[in-house]
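Overview (structure and organization)
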Amino acid sequence: HRSTYRAIVREMNQASIYARAVRPKSVSAYIRTLFEERREGNDDAQRFHHDTRNAATFLRSQRIYRILLERYNPLLGLSKEEHMKRTANRVGLNMPLPVTP
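Residues numbered from 1 in each chain as written. Predicted model: local features only at pLDDT ≥ 70, side-chain atom pairs only at ≥ 80, totals over all residues. Heavy atoms only, no water.

1. Considering the pattern of salt bridges
- Going through the model one piece at a time under the given rule, you end up with 2 salt bridges.
- Residues Arg63 and Glu11 are paired through a salt bridge, measuring 2.8 Å at the closest nitrogen-oxygen approach. Here Glu11 lies in helix H1 (residues 2–15) and Arg63 lies in helix H3 (residues 43–72), a separation of 52 residues in the sequence.
- Residue class for Arg63 comes out partly exposed when judged on its relative accessible area of 21%.
- A salt bridge links Arg86 to Glu82; the shortest N-O distance between them is 3.5 Å. Here Arg86 pairs with Glu82, and both are found in helix H4 (residues 80–90), just 4 residues apart, close to one helical turn. (Salt bridge = Lys/Arg side-chain N within 4 Å of Asp/Glu carboxyl O. Helix = DSSP H or I, 4+ residues; strand = E, 2+ residues; numbered from the N terminus. Buried < 20%, exposed > 50% of the residue type's maximum accessible area, 1.4 Å probe, protein only.)

As structure tokens, then:
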């Protein structure tokens, strides 16, 4: 169960948009509280640990998916103008300069 906790915290830290020094500790504290409450060995605890393993797998898969999407689809997330400019560069053309009156 400790490895599942560590996997979830690791994935949450890697998915964070904040730098490590300013990252809010509330999420990690909440996850720790959830794990400490479900430490018993009854069926509910077993189901909880099964669900948390699934959550850790999901978080890792989403991180890898995002990395692969950025790697193999570099035009994703660009503005329409920037997308046209990069597409033109891909086939060896340059976009005309905008006319300013």
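2. Re a positive patch on the surface
- A cluster of basic residues, Arg2, Arg6, Arg10 and Arg60, forms a positive patch on the protein surface.
- In terms of residue count, the dominant contributor to the positive patch is H1 (3 residues). (Patch = residues over 30% accessible without salt bridge, like charges linked within 9 Å, V, L, I, M, F, W, Y side chains within 5 Å. Areas by Shrake-Rupley, 256 points an atom, 1.4 Å probe, with all protein chains shown as cover. Lys, Arg positive; Asp, Glu negative; His and termini not counted. Charge placed at Lys NZ, Arg CZ, Asp CG, Glu CD.)

3. Describing the packing of aromatic side chains
- The final tally for this structure, using the stated rule, is 2 aromatic pairs.
- Measuring from ring centre to ring centre gives 5.3 Å for Phe35 and Phe48, while their planes differ by 70 degrees; the resulting arrangement is edge-to-face. Here Phe35 is found in helix H2 (residues 26–37), whereas its partner Phe48 is found in helix H3, with 13 residues between them in sequence. Of the two residues examined, Phe35 and Phe48, each falls in the buried class.
- The structure contains a cluster of three or more aromatic residues connected by ring pairs, namely Tyr5, Phe35 and Phe48. (Phe/Tyr/Trp six-rings, centres within 6.5 Å; stacked < 30°, edge-to-face > 60°.)

4. Focus: the confidence of the model for the chain
- Per-residue confidence for the chain averages 83 on the pLDDT scale, and 97% of its residues sit at or above 70.
- Within the chain, H2 has the poorest average pLDDT of any element, 83, and H3 the best, 89. (pLDDT = per-residue confidence, 0-100.)

5. Details of the packing of H1 against H2
- Axis separation between H1 and H2 bottoms out at 11 Å; the angle between their running directions is 165 degrees. By the angle between their axes, H1 is roughly antiparallel relative to H2. Crossing geometry of H1 relative to H2 is assigned as right-handed. Contact residues: H1 offers Thr4, Tyr5, Ile8, Val9, Met12 and Asn13, while H2 offers Val27, Ser28, Ile31, Arg32 and Phe35.
- Taken together, the residues of the contact of H1 with H2 sort by class into 7 nonpolar, 3 polar and 1 charged. (Axes fitted to C-alpha atoms, helices over the stretch in contact; angles between N-to-C directions. Parallel < 35°, antiparallel > 145°, perpendicular 65-115°, else oblique. Left-handed = near helix turned anticlockwise from the far one by under 90°. Contact = heavy atoms within 4.5 Å. Nonpolar A, V, L, I, M, F, W, Y, C, P; charged D, E, K, R; others polar.)

6. What to know about the nonpolar core
- Membership of the largest hydrophobic core is limited to 8 residues, which are Tyr5, Ala7, Ile8, Val9, Ile31, Phe35, Phe48 and Ala56.
- When contributions to this core are tallied by element, the ones reaching two or more residues are H1, H2 and H3.
- Of the residues forming this core, the biggest block, 4 residues, is contributed by H1.
- In this structure, Val9 is in contact with Ser28 and Ile31, ignoring residues within four places of it in sequence. (Core = buried A, V, L, I, M, F, W, Y, C linked by side-chain atoms within 4.5 Å.)

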